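Spelled out, the chains give:
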Amino acid sequence: MAGLRVSDDRDNITIASHRGPYQVFFENGGRRLLTEDLESGAHFVVDSTVAELHADTCLPVVESGRAVVLTATERTKNLDRIPAFAEALLRNGIRRDTQLVAVGGGITQDIACFLASILMRGLSWKFYPTTLLAQADSCIGSKSSINVGAVKNSAGTFWPPETIVIDSGFLGTLSESELRSGIGEIIKVHIIDGPQSFDRLAAEYDRLISAPEVLGDAVRRSLHIKKRIIEADEFDTGPRQVLNYGHTFGHAIESATDYSIPHGIAVTIGMDMANYVAVEVGALAPDRRARMKVITDRNSRGYEQTPIPFDRFAAAIKSDKKVSASGITVILPDSQSIPARVRLPLDDRFLGLCGSYLLEERGRHVA
Ligand SMILES: NC(=O)c1ccc[n+]([C@@H]2O[C@H](COP(=O)([O-])OP(=O)(O)OC[C@H]3O[C@@H](n4cnc5c(N)ncnc54)[C@H](O)[C@@H]3O)[C@@H](O)[C@H]2O)c1
Ligand SMILES: [Zn+2]
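No experiment lies behind these values; they were computed from the predicted model shown.

J.: What exactly am I supposed to notice about the overall build of the chain here?
T.: In terms of helices and strands, the chain carries 15 helices and 12 strands. For 367 residues, the compact-globule estimate of 2.2 N^0.38 gives 21 Å, and the C-alpha radius of gyration of the chain, at 20 Å, lies within 12% of that figure. Each of the three principal axes of the chain carries a C-alpha extent, and together these read 60 × 40 × 35 Å. Taking all 367 residues of the chain together, 59% fall into the buried category. When contacts within the chain are restricted to residue pairs at least 6 apart in sequence, those whose partners lie at least 24 apart make up 73%.

Pasting the structure below:
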């Protein structure tokens, strides 16, 4: 890639995709590269919070007349907001040969990826992930996910970026709960990778937030684990579905709480809920759940008192895209603690287990 100063080639990751390989660069001066993108005539989609907190690098971008600045909320990531963004990019003069550059977290990524995949039947795009969640997880995998009405991530496309630039300097302005949201996805892929990976992460859990090099290492490991899975099943027809571990429950928690719990923290609670269901259906030994619970509880602290109304949770889980006439596909850990696909009837027993979890674990904060 022209002009990109790469600090250490061994760090970079190449991901295979149906549109050819794309690259993840770890570049601590990465924010400066935005200036080069600006000079190259690129167009931008930028998170307004990032624009403000990182004004030193983002201000020229925002003032270029080629940037769409958005408020990163789930409401913004809705299909009904897409036409206005598309019109704004066209008004700014975007053409078939211009690159669209996204600067923000997973929400900005989803919107930019979706727009890049539909405008002019497909534009090249580049991504500067600015949240830990986006750096450690969502930035690779080709997917855009857009909400339709109240149903989260129910529309989308597969359209990988050409380049991803990971600059850990963006993370300095994240709140602790946004950092723990990203750590939720890091925990997820380490559990998927197996007990050894999980134990290693559990041992360094306390240092993830205090020691940048420990976090940086965990981010790289997470991307390598996800790379193996998405390269084996880019279009999510089978093996990739294990990445939904914690997500069926997590999305229902997000929806039932009006998205007041950050995504990766809802996923963290969702993983413990999946582990609870796995124990109740006899798939997982209670002591194996307990080992994971030490970490999932610590990662979701601060949200113990957020009410999760059961009726709203149940309504959300029934509208999940993995529900069909024959039941629901959930990812539950097996006897070796490895998450695997399980098809369960979406009946009173299943919903009863979800309700018992909420009652037992969250007590009076269920509703
Ligand atoms: N497409 C995919 O493959 C994929 C995968 C996982 C998650 N997601 C989606 O990503 C979203 C969650 O991503 P996220 O957690 O990155 O959310 P986000 O984009 O909403 O960012 C979280 C919050 O952090 C703020 N923020 C962003 N960067 C910041 C920075 N450097 N400093 C301070 N604040 C900053 C944002 O403005 C926002 O308020 C969800 O909608 C989820 O469905 C998509
Ligand atoms: Zn997620």
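J.: Please explain the sheet that holds strand S12 (residues 339–344) as it appears in this structure.
T.: The strands that make up a sheet pair up through hydrogen bonds in the backbone, lying either parallel or antiparallel. In space, the three strands of this open sheet follow the order S10-S11-S12, with antiparallel pairing throughout. Taken across any chain shown, the strands that pair with only one partner, and hence form the sheet edges, are strand S10 (323–324) and S12. In the sheet, S10 pairs with strand S11 (residues 327–333) via two bridges, with the strands oriented antiparallel. Bridge assignment links Val323 to a residue of S11, and that residue is Ile328.

J.: What's the story with the side chain of His190 in this structure? I'm lost.
T.: In this fold, His190 is placed in helix H7 (residues 176–193). Among the polar contacts made by the side chain of His190, one reaches the main-chain carbonyl oxygen of Ile186 at a distance of 2.8 Å. A distance of 3.2 Å separates polar atoms of two side chains, one belonging to His190 and the other to Arg221. Ignoring anything within four residues of it in the chain, the contact list for His190 reads Ser197, Phe198, Leu201, Ala218, Arg221, Ser222 and Ile225.

J.: Which parts of the structure should I look at to understand the site of ligand 1?
T.: Around ligand 1, the surrounding shell holds 25 residues, and the nearest of these are Asp47, Glu74, Asp110, Thr131 and Thr173. One of the side-chain nitrogen or oxygen atoms of Thr49 is found 3.3 Å away from an oxygen atom of ligand 1. Here Asn153 contributes a side-chain N or O atom positioned 3.4 Å from an oxygen atom of ligand 1. Protein chains bury 89% of the 860 Å² of accessible surface belonging to ligand 1 in isolation. Elements supplying a minimum of two residues to the shell around ligand 1: helix H2 (48–53), helix H5 (106–118), helix H6 (132–138) and strand S8 (151–158).

J.: Which parts of the structure should I look at to understand the nonpolar core?
T.: The tendency in soluble globular proteins is for nonpolar side chains to be buried as a group. Of all hydrophobic cores here, the largest spans 98 residues; its most connected members are Leu132, Phe249 and Phe313. If one sorts the elements of this core by residue count, helix H12 (residues 263–280) sits on top with 11 residues. What Leu132 contacts, discounting residues up to four positions off in sequence, is Asp137, Leu171, Leu174, Leu179, Gly182, Ile183, Ile186, Leu215 and Val219. Of all hydrophobic cores here, the second largest spans 16 residues; its members include Val46, Ala51, Val103 and Val165.

J.: Can you help me understand unusual backbone geometry in this one?
T.: Comment: phi is negative for the bulk of residues other than glycine, and the bulk of peptide bonds are trans. Even without a glycine there, the phi angle at Asp258 is positive, about 50 degrees. Relative to the assigned elements, Asp258 resides in the loop between helix H11 (247–256) and H12. Accessibility expressed as a relative area gives 55% for Asp258, which makes it exposed. Positive phi is not limited to glycine here, since Tyr259 has a value of about 60 degrees. The residue Tyr259 is located in the loop between H11 and H12 in this model.

J.: Please clarify how H12 should be interpreted in this entry.
T.: Every α-helical turn comprises 3.6 residues, leaving residues that sit three or four positions apart pointing alike. Between the first and last C-alpha of H12 there are 25 Å, a value that for 18 residues agrees with the 26 Å anticipated at 1.5 Å per step. For H12, the tally of buried residues reaches 17 of 18 residues, placing the bulk of the element in the interior. Positive phi appears at Gly282, one or two residues downstream of H12, with a value of about 85 degrees.

J.: Mind showing me how you'd approach the pattern of salt bridges here?
T.: All told, the structure shown has 26 salt bridges when counted by the stated rule. Residue Lys77 pairs with Glu74 through a salt bridge whose shortest N-O separation is 3.9 Å. An identical accessibility class is assigned to Lys77 and Glu74; each is buried. Of the charged contacts, one joins Asp137 and Lys226 as a salt bridge, the two residues approaching to 3.5 Å between their closest N and O atoms. A residue pair is termed long-range when its members are at least 10 positions apart, and Asp137 in helix H6 and Lys226 in helix H10 (residues 212–232) qualify at 89 residues. Assigned by exposure class, Asp137 and Lys226 land together as buried.

J.: Could you clarify how one ought to interpret the coordination of the zinc ion (ligand 2) in this entry?
T.: Four donors placed tetrahedrally about a metal ideally form angles of 109.5 degrees, and six donors placed octahedrally ideally form angles of 90 or 180 degrees. Here the zinc ion (ligand 2) is held by the protein donor atoms Glu185 (OE), His247 (NE2) and His263 (NE2), which lie 1.9 to 2.1 Å from it. Between consecutive donor residues of the zinc ion (ligand 2), the sequence gaps follow E-x61-H-x15-H. With a gap of 16 residues between them, His247 in helix H11 and His263 in helix H12 connect regions that are remote in the sequence. Of the residues examined, His247 reaches a relative accessible area of 7% and is grouped as buried.

J.: Help me out: how do you make sense of the side chain of His263 in this one?
T.: Side-chain polar atoms of His263 contact the side chain of Glu185, separated by 3.0 Å. When neighbours within four sequence positions are excluded, His263 is seen to be in contact with Leu133, Lys152, Ser181, Glu185, His247, His251 and Glu254.

Basis of the calculations
Residues numbered from 1 in each chain as written. Chains lettered and ligands numbered in written order. Predicted model: local features only at pLDDT ≥ 70, side-chain atom pairs only at ≥ 80, totals over all residues. Heavy atoms only, no water. Helix = DSSP H or I, 4+ residues; strand = E, 2+ residues; numbered from the N terminus. Rg over C-alpha atoms; globule rule 2.2 N^0.38 Å. Buried < 20%, exposed > 50% of the residue type's maximum accessible area, 1.4 Å probe, protein only. Contact = heavy atoms within 4.5 Å. Pairing = 2+ DSSP bridges. Polar contact = N/O pair within 3.5 Å; in protein donor to acceptor, adjacent residues only side chain to side chain. Near = heavy atom within 4 Å. Areas by Shrake-Rupley, 256 points an atom, 1.4 Å probe, with all protein chains shown as cover. Core = buried A, V, L, I, M, F, W, Y, C linked by side-chain atoms within 4.5 Å. Expected span 1.5 Å × (residues − 1). Salt bridge = Lys/Arg side-chain N within 4 Å of Asp/Glu carboxyl O. Donors = N, O, S within 2.8 Å, 3.2 Å for Na, K, Ca; no water.

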